[in-house]
Amino acid sequence: MKYTQLGRTGLKVSRLVLGTMNFGPQTDEADSHAIMDAALDAGINFFDTANVYGWGENKGRTEEIIGNWFAQGGDRRDKVVLATKVYGNMAADGDSWPNHDKLSALNIRRAVDASLKRLQTDYIDVYQFHHIDRRTPFEEIWQAIDVLVRQGKILYVGSSNFPGYKIAQANEIAARRGGTIGLVSEQCLYNLAERRAEMEVIPAAQEYGLGVIPWSPLHGGLLGGVIKKEAQGGRRASGRAADSLANTGIRAQIQSYEDLLDKHGVEPGEAALAWLLTRPGVTGPIVGPRTPEQLESALRAVELELGEELLAGLDDIFPGPGPSPEAFAW
């Protein structure tokens, strides 16, 4: 496994991030533990989760699965850089109550204690804001975070799904207040088929020293060889991938993508991950394996070298927006 610094921090993390969103809803606890053991054995030390994972009436279940894995010992917790998130309402569905979501100081305090209990640990390495809170000022947010850092409950803070201007605003206010280093990472939707983050989010992250952690690196399976799998009678596309393939233009684009990679003898899913690892500012993509075999495929991407001809071909099929602000100003 290869490692890099998380943004401007001294924290070393793996170039692949283990995403755990499937743990519970699609992968049972035993298989989830096996995947985490395999990831750790392969050198992946950066695990990502969120308090709402498990979804619906099972919110928090994913953190519980991870906590039960930590409880098995063997230096599991000490070896993992643990990231979780706060924002979503944790009340039972249909039982919403004021101050049980978003980023008020009250909810941050409540949410971090609940996550620590589920995760069976006394600290979180990277505590991430899952979404912007349009009502809560960053002065209040940073005050709450400063308390948690002093208490030793969290070490670093990251954002997720933030626009570029909010990354700037958050870190400028943190700098004016002093006492906190501000955001150190941004987790955003970014992949070959969805490159809008290159317009503002990634430039802002680089300017302020945030590590970029792309989620959905295969765009919901669209970049994982979905057309070839369908032709071979494999798992059919669903969700975002199925919706995209219903568009004839997108389907032709994905066919060109798969044909290019077939020509170069490269698996589509591995190429999509390897491409992200070549992108400026990217710490590592989040991979969310449902099975050990999917994890093995993701691991191969770390060692995959994409030649200049292949990279140029990918850019031809999935052209990015270009540098900002020229992409939209001229």
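Structure report, in brief. Keep in mind that this is a model prediction, so the values were computed, not measured.

## Quick notes on the environment of Asn107
Right, on to step 1. Along the polypeptide, Asn107 turns up in helix H4 (residues 105-119).
Right, on to step 2. On the basis of relative accessible area, Asn107 is assigned to the buried category, the value being 3%.
Right, on to step 3. Separated by 20 residues in sequence, Asn107 and Tyr87 place their C-alpha atoms 8.4 Å apart.
Right, on to step 4. Residues contacting Asn107, with those up to four places away along its chain left out, are Val86, Asn99, His100, Asp101 and Lys102.
Right, on to step 5. A polar contact of 3.3 Å, which involves the side chain of Asn107, links it to the backbone oxygen of Asp101.

## Description of helix H2 (residues 61-70)
Right, on to step 1. Judged by how many residues are buried, H2 sits mostly within the fold: seven of 10 residues are covered.
Right, on to step 2. Buried residues of H2: Thr62, Glu63, Ile65, Ile66, Gly67, Trp69 and Phe70, and no others.

## Remarks on the nonpolar core
Right, on to step 1. Ile108, Tyr127, Phe129, Trp142, Ile145, Tyr257 and Leu314 are the most contacted members of the largest nonpolar core, which has 58 residues in total.
Right, on to step 2. The greatest single-element share of this core, amounting to six residues, is contributed by helix H5 (residues 138-150).
Right, on to step 3. In this structure, Ile145 is in contact with Ile108, Tyr127, Phe129, Ile154 and Val157, ignoring residues within four places of it in sequence.
Right, on to step 4. The next biggest cluster of nonpolar side chains, apart from the first, holds 23 residues, and it includes Phe47, Ile65, Phe70 and Leu295.

Calculation criteria
Residues numbered from 1 in each chain as written. Predicted model: local features only at pLDDT ≥ 70, side-chain atom pairs only at ≥ 80, totals over all residues. Heavy atoms only, no water. Helix = DSSP H or I, 4+ residues; strand = E, 2+ residues; numbered from the N terminus. Buried < 20%, exposed > 50% of the residue type's maximum accessible area, 1.4 Å probe, protein only. Contact = heavy atoms within 4.5 Å. Polar contact = N/O pair within 3.5 Å; in protein donor to acceptor, adjacent residues only side chain to side chain. Core = buried A, V, L, I, M, F, W, Y, C linked by side-chain atoms within 4.5 Å.

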